[in-house]
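The residues making up each chain are set out below.
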Amino acid sequence: MVENRIARFAPLAGIVFVVLAVASFAIEGGTPSTKDSPAQVVEFYEDNDAQVKVASAVAAVAGAATVLFAVRMGGALRGRGDSGLLATTAVGGGVIAAAGITVDAGLRWALADTAGEITPEATQALFGLWDSFFCDLPEPNNRTLAANVGDTSNTVSPAATSC
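Here we summarise the structure given alongside this text. Note that the coordinates shown come from a computational prediction; the quantities given were computed from them, not determined experimentally.

Those residues of helix H3 (residues 38-47) that fall on the buried side of the exposure criterion are Val41, Val42, Phe44 and Tyr45. All buried residues of H3 project into a common sector of 160° when viewed along the axis, lining one side. Looking at H3, the residues exposed on the side facing more than 90 degrees away from the buried face are Ala39 and Asp47. The inward-facing, buried residues of H3 contact helix H2 (13-28), helix H4 (49-79), helix H5 (85-114) and helix H6 (120-131).

Set out below in structure tokens:
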């Protein structure tokens, strides 16, 4: 009975993931830059420890929603006659994504929990690890934006990714 209810609502887990992921970033707000001094990084996490911990917990729940959605998608693919490869790939990809999300949340929690209790340099190192955990997406550049509106006088070069 309970399993049927969960199965019925599992497709909504994808929406839940998106909502929780966006909420997590909104709750945490802006973070320091890797160019900031260790003291500034420690100050940020000391001043915002509760906020960062809540954002981390929300992100961890988003990771769980990812697994639920991936398992439901795998089941749906198997139900449509998939030989198993696509369904298994969907579930495996969801589990890998959830693991990354959960590690990210754990690193954020650790930053908030240990700021001021370990050396500022150790906090800076942990922050650098967290900041580099996922590849940065390229930002739209001014040339592309200008081309979209017909103004080609702006010659700013494209932003590079950190991967």
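Now, onward.
A cluster of acidic side chains, namely Glu43, Glu46, Asp47, Asp49 and Glu117, defines a negative patch on the protein surface. Position of Asp47 relative to the elements: it lies in helix H3.

This part covers a nonpolar patch on the surface. A contiguous nonpolar patch, built from Phe9, Leu12, Ile15 and Val19 and spanning about 400 Å² of accessible area, is present on the exposed surface. Relative to the assigned elements, Phe9 resides in helix H1 (residues 2-9). According to the relative accessible area criterion, Phe9 is partly exposed, its value standing at 46%.

Attention now goes to the pattern of salt bridges. Applying the stated criterion across every chain, the model contains three salt bridges. With its nearest N and O atoms 3.2 Å apart, the salt bridge here joins Asp104 to Arg108. You can see Asp104 and its partner Arg108 sitting in helix H5, four residues apart, about one turn around the helix. Owing to a relative accessible area of 8%, Asp104 belongs among the buried residues under this scheme.

With 12 residues, H6 ought to run about 16 Å at 1.5 Å a step, and its terminal C-alpha atoms sit 16 Å apart, in line with that. Considered for burial, the residues of H6 that qualify are Thr123, Gln124, Leu126, Phe127 and Trp130. On an axial view of H6, the arc spanned by its buried residues comes to 165°, and they lie on one face. In this structure, H6 carries Glu121 and Ala125 as exposed residues pointing more than 90 degrees from its buried face.

The rules behind each value
- Residues numbered from 1 in each chain as written.
- Predicted model: local features only at pLDDT ≥ 70, side-chain atom pairs only at ≥ 80, totals over all residues.
- Heavy atoms only, no water.
- Buried < 20%, exposed > 50% of the residue type's maximum accessible area, 1.4 Å probe, protein only.
- Helix = DSSP H or I, 4+ residues; strand = E, 2+ residues; numbered from the N terminus.
- Arc of directions from axis to C-beta.
- Contact = heavy atoms within 4.5 Å.
- Patch = residues over 30% accessible without salt bridge, like charges linked within 9 Å, V, L, I, M, F, W, Y side chains within 5 Å.
- Areas by Shrake-Rupley, 256 points an atom, 1.4 Å probe, with all protein chains shown as cover.
- Salt bridge = Lys/Arg side-chain N within 4 Å of Asp/Glu carboxyl O.
- Lys, Arg positive; Asp, Glu negative; His and termini not counted.
- Charge placed at Lys NZ, Arg CZ, Asp CG, Glu CD.
- Expected span 1.5 Å × (residues − 1).

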